[in-house]
Each structure stands twice: as structure tokens, then as C-alpha cells.
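Each chain, letter by letter, is given below.
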Amino acid sequence: MKKLAIFGSGAGSNAENICDYFNKSSDIKVVMMCTNRKNAFIIERAKKLNIPMVIISKTELENFDDLAKILEKYKVDYIILAGFLLKIPSKMLEKYQNKIINIHPSLLPKYGGKGMYGKNIYKAVLENKEVESGISIHFVNQNYDEGEIIFQESFILSPDESLNSLTTKVHELEQSLFPKIIEKTLFSL
Ligand code: GAR
């Protein structure tokens, strides 16, 4: 049984979708969630799903020692970043080498890096009149959004694409593909 922790800072729609997907799996289980924002909606989702939620500060993440103990307590094998907006410290990267996976709502390396998340990305994609956009799933390294790409899926923007329609398209792709790519990746490692 491979055990996952999901880290998120926002609404938690991907976190809930991943939990639902692996709910009946005997191979993969979400054992805990973690957030750095005490008002994030992901906390409500964890409560509803009955999954332990850990709230950490930026300093606790950077120190890592206490968080490492929590991850050990839950016997976490892999960490999934689903809208987690803090940088992963090097101590954590060393301990979970190639075991931290992030989803990003653009075709990296385009629209990656610090400050590039959620609506900021969609606005930039529209302003630059991109012909296509999509999602990227990648291993996490010491730089924002620069780790090895595991998977990308693209789509063509429509001529009247709006912020809302682009957000919806990306979210639909994320919901249908992220859990499947996690599953495939974990079994190919
Ligand atoms: C997702 O669209 C994810 O790709 C994005 O945040 C959203 C989280 O939504 N991640 C980034 O922008 C990372 N730079 P959720 O909390 O509803 O899953």
C-alpha cells in the first residue's frame, strides 16, 4: 500500500478528487492532508472526508523537523502538491527525492515560477493571446515549477476564451487526469 499526503493552500478540489479516486483502491491511500492557510477550504474537505489535516506555518515548513515527524507518523511515501503555494525546502526534497509531485495549470515552462498560480496564469495566457494552454504534472525540485515533467495535456483556446471558460477547461482536465497520472507514476517508479 502506497501512502499519500496531499498539500494544498486553497479550495482543495483536486485534493477531494484524488481522495475520491483512491477511495476504494487497495494499492494507494490518502493518509493525511496539509495546508499552510488556516482558512483554506481544503480544511473543510478533509473534515468531510475524515482525513487528518495538519496546519503548518511557513517557518515550520522551512524547519521541516516537526513536519518530518508527522509524515513519518503517517508513514507517508509520496507527497502530492495540489495548489500548494509555498516553496518546498531542500531538507524535504532530500528526504522525498522524486516522491513529490505537483500539478501546474499551464504548459510549463510557460507561465511557471514565483507568483504564477491560479488566475494570474490564466490572465497572462489570455493577455498574451496564446493559441494553446493546458496542464503540467511534474516532480518537484528546488526551483518553482522546474522539476522533471511527468505529463502534459494541451487544448486549443477558442477565439472568445474568457477567464471563466479557461479556468473551467483547466479544472476539468485536472479533475479527469491528475489522479490517473499519480497512479501511473507511482507504479512505474
Ligand atoms: C489548481 O488549478 C492547480 O493546478 C493550481 O492551483 C489550483 C488549486 O485548486 N496550482 C498552481 O497554480 C501551482 N502553481 P484546488 O485547490 O481547487 O485543487
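Before going into details, it helps to say that this report is about the structure given with it.

Conventions and cut-offs
Residues numbered from 1 in each chain as written. Predicted model: local features only at pLDDT ≥ 70, side-chain atom pairs only at ≥ 80, totals over all residues. Heavy atoms only, no water. Axes fitted to C-alpha atoms, helices over the stretch in contact; angles between N-to-C directions. Helix = DSSP H or I, 4+ residues; strand = E, 2+ residues; numbered from the N terminus. Parallel < 35°, antiparallel > 145°, perpendicular 65-115°, else oblique. Left-handed = near helix turned anticlockwise from the far one by under 90°. Contact = heavy atoms within 4.5 Å. Nonpolar A, V, L, I, M, F, W, Y, C, P; charged D, E, K, R; others polar. Salt bridge = Lys/Arg side-chain N within 4 Å of Asp/Glu carboxyl O. Buried < 20%, exposed > 50% of the residue type's maximum accessible area, 1.4 Å probe, protein only. Pairing = 2+ DSSP bridges. 1 Å grid on protein atoms, 1.4 Å probe; cavity = no way out; pocket = protein on both sides within 12 Å on 5 of 7 lines; lining within 4 Å. Points joined across faces, edges and corners; volume = space filled by probe spheres on them. Right-handed = clockwise from strand over helix to strand, strands pointing away.

## A short note on the packing of helix α6 (residues 118–127) against helix α7 (residues 163–188)
The relative placement of two packed helices comes down to the angle between their axes together with the axis-to-axis distance.
Part 1 of the reasoning: It is at 10 Å that the axes of α6 and α7 come closest, and there the two elements cross at 120°. Between α6 and α7, the interaxial angle falls into the category oblique. When the axes of α6 and α7 are compared, the crossing they make is right-handed. Contacts between α6 and α7 involve K119, Y122, K123, V125 and L126 from the former and L163, L166, T167, V170 and H171 from the latter.
Part 2 of the reasoning: The class makeup of the residues in the contact of α6 with α7 is 6 nonpolar, 2 polar and 2 charged.

## Some words on the packing of helix α1 (residues 13–22) against α7
Part 1 of the reasoning: Running from N to C, α1 and α7 cross one another at 55°; their axes reach a closest spacing of 9 Å. Considered as vectors, α1 and α7 are oriented oblique to each other. Between α1 and α7 lies a crossing whose hand is right-handed. Where α1 approaches α7, its residues S13, N14, N17, I18, Y21 and F22 are matched on the opposing element by E174, Q175, F178, P179, K180, I182 and E183.
Part 2 of the reasoning: Its residues assigned to classes, the contact of α1 with α7 comprises 6 nonpolar, 4 polar and 3 charged.

## Focus on the pattern of salt bridges
Part 1 of the reasoning: Here the structure, examined in full by the defined rule, presents 8 salt bridges.
Part 2 of the reasoning: For the salt bridge of E16 with R45, the shortest nitrogen-to-oxygen distance reads 2.8 Å. With E16 in helix α1 and R45 in helix α2 (residues 42–49), this residue pair connects regions lying 29 residues apart in the sequence.
Part 3 of the reasoning: Look at E16 and you get buried, because its relative accessible area is 13%.
Part 4 of the reasoning: E130 serves as the salt-bridge partner of K110, at 3.1 Å between the closest nitrogen and oxygen. Here K110, found in the loop between β5 (100–104) and α6, pairs with E130, found in the loop between α6 and β6 (132–139); they are 20 residues apart in sequence, far enough to count as distant.
Part 5 of the reasoning: Connected through salt bridges with shared partners, the residues E16, R45 and K48 form a single ionic network.

## Observations regarding the sheet that holds β5
Part 1 of the reasoning: Sheet architecture is open: 7 strands sit in the order β3-β2-β1-β4-β5-β6-β7, paired in mixed fashion. Edge positions in the sheet fall to β3 (53–55) and β7 (149–156), since each has one partner strand and no second. Going from strand to strand, the sheet's axes swing by 20° on average, the running direction of each strand aside.
Part 2 of the reasoning: By the bridge criterion, 3 bridges tie strand β4 (residues 78–81) to β5 in an arrangement that is parallel. Within the sheet, the bridge partner assigned to L81 lies in β5 and is N102.

## A closer look at the layout of surface pockets
If a probe the size of a water molecule is rolled over the atoms, the empty space left behind becomes visible.
Part 1 of the reasoning: Within this model, the largest pocket holds a volume of roughly 760 Å³.
Part 2 of the reasoning: If you trace the largest pocket, you find 37 residues lining it, with G83, F84, L85, Y117 and G118 closest to the centre.
Part 3 of the reasoning: Of all the secondary-structure elements, those providing two or more residues to the lining of the largest pocket are α1, β5, α6 and α7.
Part 4 of the reasoning: C19, D20, F22, N23, S25, I28, K29, V30, L49, N50 and I51 together form the lining of the second largest pocket.

## Brief notes about the pairing of strand β2 (residues 28–35)
Part 1 of the reasoning: For β2, the tally of buried residues reaches 7 of 8 residues, placing the bulk of the element in the interior.
Part 2 of the reasoning: When strand β1 (residues 2–7) meets β2, the two strands line up parallel, connected through 6 bridges. Of the residues in β2, the one forming a bridge with L4 is V30.
Part 3 of the reasoning: The parallel pair β1 and β2 is bridged by α1, and the resulting crossover is right-handed.
Part 4 of the reasoning: Examined bridge by bridge, β2 and β3 share 3 bridges and lie parallel to one another. Residue C34 lies in a different strand from β3, and its bridge partner there is V54.

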